[in-house]
Amino acid sequence: MAKIKKDDLVQVIAGRDKGMQGRVLSVDTKRDRVIVEGVQRVKKHVRVGQTSRGGTTGGIETVEAPIHISNVALVHDGKPIRVGYREVEVERDGKKKIVRERIGRRGGKEIEL
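Everything quoted here is computed from the prediction, not taken from an experiment.

A. The arrangement of the UniProt feature "domain: KOW" (unreviewed entry) in the protein in detail. According to UniProt, the feature "domain: KOW" (unreviewed entry) maps to residues 3-30 in the numbering used here. As annotated, residues 3-30 comprises 0% helix and 43% strand, and the C-alpha atoms at either end are separated by 14 Å.

Rendered as structure tokens:
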């Protein structure tokens, strides 16, 4: 289970973009990679094609490349933190259910999005 989810604010802690912050656009749990907005930008050559209206597409585009999940840390209160889990018993519709919530290891507070 990945501790970083889509739309989280993260900071790069290793690599050429160290120190940069951005929102997570997607998470690939099979390869342990995340795509962060504005981080790890690379040039991609796209084949020239035509749209239905007659315009051309393609050329050299700048896109975000995946970065390993261990090279980013979740940002909470402006600082990068480690993430843990705590099991909480919640009552819904008269039934008790155990729910896992994300907590910050630094202060032990729940992480809200």
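B. Up close: the pairing of strand E1 (residues 9-12). Both E1 and strand E2 (residues 21-28) contribute to a ladder of three bridges, which runs antiparallel. Bridging across to E2, Leu9 finds its partner in Arg23. Inspection of the sheet shows E1 paired to strand E7 (residues 72-76) by three bridges, in the antiparallel sense. Looking at the pairing, Val12 lines up with Val72 of E7.

C. Region of interest: the environment of Arg16. Within the element layout of this structure, Arg16 appears in the loop between E1 and E2. Setting aside residues up to four positions removed in sequence, Arg16 forms contacts with Gln40, Arg41 and Val42. One polar contact links the side chain of Arg16 to the main-chain carbonyl oxygen of Arg41, over a distance of 2.8 Å.

D. Just the domain arrangement of the protein, in detail. Partitioning the protein into domains gives domain 1 (1-79) and domain 2 (80-112). On a C-alpha basis, the centroid separation for the pair domain 1 and domain 2 is 27 Å. In this assembly, 14 residues from domain 1 lie in contact with ten residues from domain 2. Both faces considered, domain 1 and domain 2 share a buried interface measuring about 1,000 Å² in area, 59% of it formed by carbon and sulfur atoms. By the criterion of area lost to domain 2, the three top residues of domain 1 are Lys3, Leu74 and His76, representing 52% of everything that side buries. If you look at where domain 1 meets domain 2, you find one salt bridge. The partner of Asp8 in a salt bridge is Arg102, and the shortest N-O contact between them spans 2.9 Å. Linking domain 1 with domain 2 are four residue pairs in polar contact (both at pLDDT 80 or more).

E. Quick peek at unusual backbone geometry. The phi dihedral of Asp7 is positive, around 75°, even though this residue is not glycine. Structurally, Asp7 can be placed in the segment before E1. Given the relative accessible area of 48%, Asp7 is considered partly exposed. Backbone geometry at Asp93 places phi at a positive 55°, although glycine is not the residue there. Here Asp93 shows up in the loop between strand E9 (83-92) and strand E10 (95-104).

Rules behind the numbers
Residues numbered from 1 in each chain as written. Predicted model: local features only at pLDDT ≥ 70, side-chain atom pairs only at ≥ 80, totals over all residues. Heavy atoms only, no water. UniProt positions renumbered as here; feature names shortened; annotations may be inferred. Helix = DSSP H or I, 4+ residues; strand = E, 2+ residues; numbered from the N terminus. Pairing = 2+ DSSP bridges. Contact = heavy atoms within 4.5 Å. Polar contact = N/O pair within 3.5 Å; in protein donor to acceptor, adjacent residues only side chain to side chain. Domains from an automatic or database assignment. Buried area = accessible area lost by both parts, 1.4 Å probe. Salt bridge = Lys/Arg side-chain N within 4 Å of Asp/Glu carboxyl O. Buried < 20%, exposed > 50% of the residue type's maximum accessible area, 1.4 Å probe, protein only.

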